[in-house]
Amino acid sequence: MIKMEDVTLLTCSYNTPEHIKTLLKSWVVVNPNDDKLNVIVKENSTNDETEKYLKENNVSYIRTPGMTHSRSVNDVLPTINTKYVLLVDSDIIIKEPIYRHINYMEEKGIALMGEVCGDRGGYKLKTRVHPWFCLINNDLIKQHNIKFHDENRIAKTNSNGFYNNIPINGNDGLVKYDVGSTFFEDILEAKLLVANIKWAHNNFIHYEGSSWQGNVSDFEHGYNNTQAIFDEHKIAYDDVNIEGKFK
């Protein structure tokens with residue numbers, strides 16, 4: 001039976017301190033009986049507010065200002081020692097424990113669990129699992145030497161706009177890689193199992209676009225409305241204390 005000590009929460013933060021604070025608080029709320037939770041934040045912000053909060057609350061983080069999401073996950077994933085990793089975006093509030101999903105992965109030998117997706121926002125995209133909330137069997141990934149990010153394939157398909165902290169400009173009609181696409185491709189190539197699961201609303205809430213603060217792209221048209229909903233929901237977590245909750 002898998003325990004939460006066998007799982008690490010992995011996320012990347014970029015200039016949205018209120019989101020990372022609320023994410024971590026929600027992780028604590030749904031795991032109230034665990035004394036020490038595993039977490040690692042790849043802190044890519046270009047200001048100091050998030051780092052200050054992480055340091056004050058003894059949350060493990062690696063700071064690389066300006067570093068991008070996919071490359072960050074690629075760097076950090078091999079350093080994680082727990083068997084399972086819950087990879088989430090910072091603009092997530094976790095609503096339910098993930099024990100039963102982890103145990104199902106363990107029972108079936110699944111390497112990756114999440115919602116399989118393809119084209120979106122008017123772009124033709126390679127298939128992937130939504131990277132904003134997915135479970136990874138890190139032991140299997142390491143055994144097969146699978147990387148999260150493959151720069152060569154991304155460059156060859158002119159997909160770099162989906163991996164940089166810049167707006168996505170232009171649409172040449174070609175099929176692009178997005179975050180998690182090369183990872184998904186390599187998992188299938190290794191003949192490992194992927195579980196396509198449509199998460200229930202009570203698993204988490206994704207405030208999509210909120211972690212792209214300052215950019216303008218085809219994916220961000222609903223940003224203001226999404227941010228307003230997040231601001232309303234985060235109030236429930238304002239008084240949650242995370243000090244001493246993380247390893």
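Cut-offs and rules
- Residues numbered from 1 in each chain as written.
- Predicted model: local features only at pLDDT ≥ 70, side-chain atom pairs only at ≥ 80, totals over all residues.
- Heavy atoms only, no water.
- Pairing = 2+ DSSP bridges.
- Helix = DSSP H or I, 4+ residues; strand = E, 2+ residues; numbered from the N terminus.
- Axes fitted to C-alpha atoms, helices over the stretch in contact; angles between N-to-C directions.
- Contact = heavy atoms within 4.5 Å.
- Buried < 20%, exposed > 50% of the residue type's maximum accessible area, 1.4 Å probe, protein only.
- Phe/Tyr/Trp six-rings, centres within 6.5 Å; stacked < 30°, edge-to-face > 60°.

Draft legend 1. Fine view of the sheet that holds strand E2 (residues 38-43). Read across the sheet, seven strands follow the order E3-E2-E1-E4-E9-E6-E10 without closing on themselves; strand pairing throughout is mixed. Strands at the two margins of the open sheet, each flanked by one partner only, are strand E3 (61-63) and strand E10 (193-196). Direction aside, neighbouring strands of the sheet carry axes that sit 15° apart on average. With two bridges joining them, strand E6 (residues 110-114) and strand E9 (residues 133-137) adopt antiparallel strand pairing. Note that in E9 the partner of Leu 112 across the bridge is Ile 136. Strands strand E1 (7-13), E2 and strand E4 (84-89) of the sheet are contacted by helix H1 (residues 17-30), whose axis makes an angle of about 170° with E1.

Draft legend 2. Main features of helix H4 (residues 99-108). Inspection of H4 places His 101, Ile 102, Asn 103 and Met 105 among the buried residues, and these make up the whole buried set. The inward-facing, buried residues of H4 contact E1, E4, E6 and E9. Gly 109, located one to two residues past H4, shows a positive phi value of around 70°.

Draft legend 3. Broad picture of the side chain of Lys 234. Residue position: Lys 234 is located in the segment after helix H8 (223-233). Looking at Lys 234, the relative accessible area reads 15%, which means it is buried. Setting aside residues no more than four positions away along its own chain, Lys 234 makes contact with Glu 18 and Thr 22.

Draft legend 4. Region of the structure containing the packing of aromatic side chains. Going through the model one piece at a time under the given rule, you end up with five aromatic pairs. Summarising the aromatic geometry, the rings of Tyr 123 and Phe 162 are spaced 5.2 Å apart at their centres and angled 90° between planes, so their arrangement reads as edge-to-face. Of this pair, Tyr 123 sits in the loop between strand E7 (116-117) and strand E8 (128-129) while Phe 162 is found in the loop between helix H6 (151-156) and helix H7 (181-189), placing the two residues 39 residues apart along the sequence. Tyr 123 sits in the buried class, given a relative accessible area of 5%. A relative accessible area of 9% means that Phe 162 is categorised as buried. Grouping aromatic residues by their ring pairs yields a cluster made of Phe 133, Trp 199 and Phe 204.

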